[in-house]
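Tertiary structure, described
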Amino acid sequence: MNWRENLLNQMKRAVQATGGWGYARSRTSSSAPTVVACLALTARDSASVDVLRGLRFLASMQRSDGSVPIHPALSSPAWPTGLAVLAWIAAKTLAGGEFGDSVRAAVSWLLALEGVPFRSDRAVHGHDTTLVGWPWVKGTHSWVEPTAYALLALRAAGRADHPRAREAVRLLLDRQLPEGGWNYGNTKILGNTLRPFPGPTGVALCALQGETRQEEVASSVKYLERELQRIRAPMSLGWGLIGLNAWARPEHGGEPWLNESAARLERWEIDPLAASLLLLADGPGFATLLNRVPATHG
Amino acid sequence: MDKQAATNVIPSDVWRPSRREVIGAGGALLLGGGLAAALRYASKQERGLRADVFIGKAPTYQCDFERIISEGLETLGVNRDAVRGKRILLKPNLVETALGMAHINTNPAVVVGAAEAFRRLGAAEVLVAEGQGHRRDSRLVLDESGMGEAIERAKIPFVDLNHDDVVSVPNAGGWTKLPSLILPRTVVDADWIVSLPKLKTHHWAGVTCAMKNFFGVMPGIVYGWPKNVLHYLGIPESILDINATVKPTLAIVDGVVGMEGDGPIMGTPKDVGCVVIGRNLPAVDATCVRVMGLNPMGVKYLTEASGRLGPILSENIFQRGESLDSLQTAFTVLDIPHLHAVRGG
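Every value quoted in this text rests on a predicted model; they were computed, and no experiment measured them.

A short note on the overall build of chain B
- The number of helices and strands found in chain B is 16 helices and 12 strands.
- Within the span of chain B, comprising 345 residues, buried residues form 61% of the whole.
- Considering only intrachain contacts with a sequence separation of at least 6, the fraction spanning at least 24 residues in chain B is 77%.

Side note on the overall build of chain A
- Along the backbone of chain A there are 14 helices and 2 strands.
- Relative to the globule expectation of 19 Å for 298 residues, the C-alpha radius of gyration of chain A, 18 Å, shows essentially globular dimensions.
- Along the longest, intermediate and shortest principal axes, the C-alpha atoms of chain A span 50 × 45 × 35 Å.
- Of the contacts formed within chain A by residues at least 6 apart in sequence, a portion of 65% connects residues at least 24 apart.

Quick look at the interface of chain A and chain B
- Contact residues are listed per partner, giving 33 residues for chain A and 34 residues for chain B.
- Considering every element that reaches the side of chain A that touches chain B, the biggest residue donor is helix α11 (residues 234–245) of chain A, with 3 residues.
- Residue composition of the side of chain A that touches chain B, grouped by class: 18 nonpolar, 12 polar and 3 charged.

A look at the nonpolar core
- Ranked by internal contacts, the top residues of the largest apolar core, which has 210 residues, are L39(A), V85(A), A87(A), A153(A), A114(B) and I252(B).
- Those residues within four positions of A87(A) in sequence are excluded, and the remaining contacts are V35(A), C38(A), L39(A), L55(A) and L58(A).

Comments concerning helix α6 (residues 100–112) of chain A
Residue and element names in this part refer to chain A.
- With 13 residues, α6 extends 19 Å between its outermost C-alpha atoms, agreeing within 8% with the 18 Å of an ideal straight helix rising 1.5 Å per residue.
- Residues of α6 that are buried: S102, V103, A105, A106, V107, W109 and L110.
- Among the structural elements, α3 (48–61), α4 (81–90) and α7 (144–156) are those in contact with the buried residues of α6.

A short note on the pairing of strand β1 (residues 51–57) of chain B
Residues and elements named next belong to chain B.
- With 5 of 7 residues buried, β1 lies mostly within the body of the structure.
- Of the pairings in the sheet, the one linking β1 to strand β12 (residues 317–321) comprises 5 bridges and is parallel in character. Bridge pairing in β12 places F54 opposite R320.
- Two elements, β1 and strand β11 (residues 268–278), share 5 bridges in a ladder whose sense is antiparallel. For F54, the partnering residue across the bridge sits in β11 and is I277.

Some words on the confidence of the model for chain B
- The share of residues in chain B with pLDDT of 70 or more is 90%, and the mean pLDDT across the chain is 90.
- What the predictor reports for the complex is a pTM of 0.93 with an ipTM of 0.96.

Comments concerning the environment of T332(B)
- Topologically, T332(B) is positioned in the loop between α15 (324–327) and α16 (340–343).
- Apart from the residues within four sequence positions on either side, T332(B) is in contact with E260(B) and G261(B).

Some thoughts on the pairing of strand β10 (residues 250–260) of chain B
Residue and element names in this part refer to chain B.
- With 10 of 11 residues buried, β10 is to be regarded as a mostly interior element.
- The pairing of strand β7 (residues 192–196) with β10 spans 2 bridges and is classified as parallel. Looking at the pairing, V194 lines up with L250 of β10.
- Inspection of the sheet shows strand β8 (residues 198–202) paired to β10 by 2 bridges, in the parallel sense. Within the sheet, the bridge partner assigned to K198 lies in β10 and is D254.
- With 9 bridges joining them, β10 and β11 adopt antiparallel strand pairing. Each residue of the ladder has a partner; that of V257, found in β11, is D271.

Definitions and limits used
- Residues numbered from 1 in each chain as written.
- Chains lettered and ligands numbered in written order.
- Predicted model: local features only at pLDDT ≥ 70, side-chain atom pairs only at ≥ 80, totals over all residues.
- Helix = DSSP H or I, 4+ residues; strand = E, 2+ residues; numbered from the N terminus.
- Buried ≥ 20, exposed ≤ 12 C-beta atoms within 10 Å, placed from the backbone.
- Contact = placed C-beta atoms within 7 Å.
- Rg over C-alpha atoms; globule rule 2.2 N^0.38 Å.
- Nonpolar A, V, L, I, M, F, W, Y, C, P; charged D, E, K, R; others polar.
- Core = buried A, V, L, I, M, F, W, Y, C linked by C-beta atoms within 7 Å.
- Expected span 1.5 Å × (residues − 1).
- Pairing = 2+ DSSP bridges.
- pLDDT = per-residue confidence, 0-100.

In C-alpha cells, the structure reads:
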C-alpha cells in the first residue's frame, strides 16, 4: 500500500458518527479538520459518501448568522467559516445546489466580520495596522491565516472583486516579511524583524495565487523552496507544499518529502487534519479544487 | 467591540500598555517616589502569607536534572505520598523555534529530568503538553527544539493543547471581564499542572516566567495565533485570571541559560546556571525576577498577585538551596518607558 492509500485509509477509519472528523481520532468532531478532510477527498474524487456526510455535518453546525464555529458546542470563534465555503463550493459537482444557502449565509457573515484596526507607530509595529482583514476571533486584530481563508472563500464564491477581497491581498502583501515568508502576521516589533514560518507562508501563497505578480512573492517562494528540504512535520510540509505548488511546483512534486512525512504520521494517533493536508499537497491537489470552483456562486 | 473604541486600544504582540497598566499599584507608587509606601502596601496585602522557593545550581544542560529537581522537591516537602498515582502535566515554554536560538524555549533536559523525578515519586502518568502562541504546528516545534526526540526517547507522551478538546471553566480570577475560560480537556483532567518556563525578559510584560507560561494552555483554536484575545483583555490581567483558574501546583524554572533584551523571542542568551522550584508561582516568579537583578515591584502581574495569589516580598519568601545572591545576574531590559519600573528599584 503506498502512502496515499495509507492516508486515505486512516481518514476512512477516523470519520465519526457525526459525519465529521476531529483533530485526532479520539477527539470530538470539529469544523476545521472536517473541512480540510472534505477538501482532500474532493480533490481526489474519493469517498464521496464521506464527503457529503462531512459537508452536511458542517451545515448542521452553521449558525443562523452564517458562521461555522470551531466546535458544535461553541458559538464562537468561527474562523473555519471561510474554509467551509471553499469545501461546499468545491464539492458542487457532487452535492449539486444542496449547500447554496449555506454558502450565501457564510459569505454574508464573512463580509460582515472585520479585524480591528488601530493606529500605531511603524517603529513599534512594522505592518500597516489600519488595514482591516479578518481576525481569528471577533473583536481582535487581523492575522494572516484567517485573512487568507476569507480571501480563498471570496474568490471561490465569485467575489474576488469585492473591496474586502482586494484589501485582503494588500494586507497579505503588507504582512510579508522583508526577506520573504510569513509568520502569524507580525513583521517587525519594536524594530526587530520577526521570523517566517512555513505553514502560514504556504497558506498566504495559496490565497495569493493569481492575485498578484510572481515577483511580489518571489522571496517567499524561495524561502519555502529552501525550508521544505528539511521539514517533515505534516502540517507545515502540507501547507508549505500547497503554497509552493501554487507558484513553483518542485520537479519531484514533493513526492519524497510527502512519503517521509506520511510515514511519520503512522507513529501517532490518526491525525485527520495532517493526513488531509499531505493529500492536498500531493500534485496539483489544492489547485485542482480552485480550478473546479465555478466563476459565479452566491 | 466597536471600531471607534477599538482604535483606542493597542492590541497584540501589538499591545502597548499604559504607564499605569504595566507598573501596577506598587510600581505606580514606586515611580511616584514612594518605594517605602509600595512596600508597606504589599506587606499589608501579604500578611500571613509565606512560601518556600528552592534554587538549585545547574551550570550547564549536561547536569543531572533528575537529581537537582528531586532534591528541590524533597526540600519543598513534595514527597511520594503527594505524588503517588497522580496524573502530572508538564507545561514547558515552546513559544516558537529558530535555528541557533535554543534559549527561546525550555531545554528538553530540564523537562525530561522533571518527568523522571515525578516518575521516581510514583506518578501514575507524566505528560508534556503545550499550546504554542506563535507557531501552530506542534510537530515542527518539537522537531526543531529537540523536545520531540528527547521526550520520545524518555517515553513521555505529548499533547497539543492548541488542538485538544475544550471545556469551559468559570473564571476564578476576575481581573478580566471574561466570565469563563475555555481550557483544553487535558489540562482540566490533570491532577497536577507544573509550569516549566524559561527565565526571560518580555518586551511588554517585563518578564516571562512561571505565570506567563500559562498563556500556552489557552487553546489556539479558541484564542488564535497569537492569542490576541488575551492581549486585548490585558496581558497582566490575563496572566492572573489563567493562574487563578488553572491553579498550578508547582513551577520548575529553566534558569540555566535565560534570555535578556528583547524577549521573549528575539533576545540574547544569558548564562545564569540555576533551576528555581516552588509551589507558589508568584513567589517563584518574584524570586526569578530578583535572580535577573530586576525589581518584582515593577511587574504589574506580580504586584496584583501579591496577597491574592501568593507572596512576592522577599521577607515572605523562604529561600532554600543556593543563595539568591550567589546566582544573581543582571539582565538587560529594553530601554522603553513601560519597562523602566522593572529595571528600577
